[in-house]
Amino acid sequence: MKIKLLVVGKTDSKPLLQLISNYENRLRHYVKFELESIADVKNVQNLSESQQKEKEGEAILKKVSTTDILVLLDEKGKAYTSVEFSEFLQKKMNSGIKQLVFAVGGPYGFGDAVYQRAQGSISLSKMTFSHQMVRLFFVEQLYRAFTILKNEPYHHR
């Protein structure tokens, strides 16, 4: 199985990029992983919130194939402990899917079309994080989940 993280916009913070890269490299020992950035929507000042979500949603959906399982990282999603998240991943791997895609929306979240296409959503916290920080938190949790599945000492129960 391959895991892809789709994110709207780029991260300019070098320290954040270094940390994300560190976890991406660690993940290579466990799974094929790709972090793909989608360009920010142009001229957002001329768009309503719903128009911006719609345009971002179109860009996200172009990157998702019909056979992909799409899971949104969304504040209204299901909350998991790290162990529960590792079990979620194990079930997905056991189901034989080829690609599991997680998506981080823009500043206003996702449009209706993306919610309709998604097979689920996960909340990383009840708190709100910047979209740049979510990338790091998610990649770290993904790495943590694989170390849990392999009974490696990274995660302390």
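Residues numbered from 1 in each chain as written. Predicted model: local features only at pLDDT ≥ 70, side-chain atom pairs only at ≥ 80, totals over all residues. Heavy atoms only, no water.

Thoughts on the nonpolar core
Here is step 1: Formed by 29 residues in total, the largest nonpolar core has its most connected members in Ile3, Leu5, Phe85, Leu89, Phe102 and Leu142.
Here is step 2: Contributing elements (two or more residues each) for this core: strand S1 (2-8), helix H1 (14-27), strand S3 (69-79), helix H3 (82-94), strand S4 (99-104) and helix H5 (131-149).
Here is step 3: For this core, the leading source of residues is H5, giving eight residues.
Here is step 4: Those residues in contact with leucine 142 that lie beyond four places of it in its chain are Ile3, Leu27, Phe33, Phe85 and Leu89.
Here is step 5: The next biggest cluster of nonpolar side chains, apart from the first, holds twelve residues, and it includes Val8, Val64, Val101 and Val114. (Core = buried A, V, L, I, M, F, W, Y, C linked by side-chain atoms within 4.5 Å. Buried < 20%, exposed > 50% of the residue type's maximum accessible area, 1.4 Å probe, protein only. Helix = DSSP H or I, 4+ residues; strand = E, 2+ residues; numbered from the N terminus. Contact = heavy atoms within 4.5 Å.)

As for the packing of aromatic side chains
A ring pair, where both rings are aromatic, is described by two values, the distance of the centres and the angle of the planes.
Here is step 1: For the structure shown, the criterion picks out twelve aromatic pairs.
Here is step 2: With centroids separated by 6.0 Å and ring planes inclined at 65°, the aromatic side chains of phenylalanine 85 and phenylalanine 138 adopt a geometry described as edge-to-face. With phenylalanine 85 in helix H3 and phenylalanine 138 in helix H5, this residue pair connects regions lying 53 residues apart in the sequence. Residues phenylalanine 85 and phenylalanine 138 agree in their burial class; the two are buried.
Here is step 3: Between phenylalanine 110 and tyrosine 115, the ring centres sit 5.9 Å apart and the planes meet at 80°, which makes this aromatic pair edge-to-face.
Here is step 4: A relative accessible area of 31% means that tyrosine 115 is categorised as partly exposed.
Here is step 5: What links up through ring pairs into an aromatic cluster is the set Tyr23, Tyr30, Tyr143, Phe146 and Tyr154. (Phe/Tyr/Trp six-rings, centres within 6.5 Å; stacked < 30°, edge-to-face > 60°.)

Describing the pattern of salt bridges
Here is step 1: The final tally for this structure, using the stated rule, is four salt bridges.
Here is step 2: Of the charged contacts, one joins glutamate 36 and lysine 63 as a salt bridge, the two residues approaching to 2.9 Å between their closest N and O atoms. With a gap of 27 residues between them, glutamate 36 in strand S2 (residues 32-38) and lysine 63 in the loop between helix H2 (49-62) and S3 connect regions that are remote in the sequence.
Here is step 3: Using a relative accessible area of 15% as the deciding quantity, one classes glutamate 36 as buried.
Here is step 4: A salt bridge links arginine 144 to glutamate 140; the shortest N-O distance between them is 2.9 Å. Residue arginine 144 and its partner glutamate 140 are both found in helix H5; the two are separated by four residues, about one turn of the helix. Each member of the pair, arginine 144 as well as glutamate 140, is classed as buried.
Here is step 5: Connected via shared salt-bridge partners are Lys4, Glu36 and Lys63. (Salt bridge = Lys/Arg side-chain N within 4 Å of Asp/Glu carboxyl O.)

Looking at the pairing of S4
Consecutive side chains of a regular strand alternate in pointing toward one face of the sheet and then the other.
Here is step 1: Of all six residues in S4, six are buried, a share of seventy percent or more.
Here is step 2: Burial along S4 is two-sided: Gln99, Val101 and Ala103 facing one way and Leu100, Phe102 and Val104 facing the other are all buried.
Here is step 3: For S1 and S4, the ladder comprises six bridges, and the chain directions are parallel. The partner of valine 7 across the bridge, within S4, is valine 104.
Here is step 4: Bridging between S3 and S4 involves five bridges; their strand directions are parallel. Bridged to leucine 70 within S4 is valine 101.
Here is step 5: The β-α-β motif built from S3, the intervening H3 and the parallel element S4 has right-handed crossover chirality. (Pairing = 2+ DSSP bridges. Right-handed = clockwise from strand over helix to strand, strands pointing away.)

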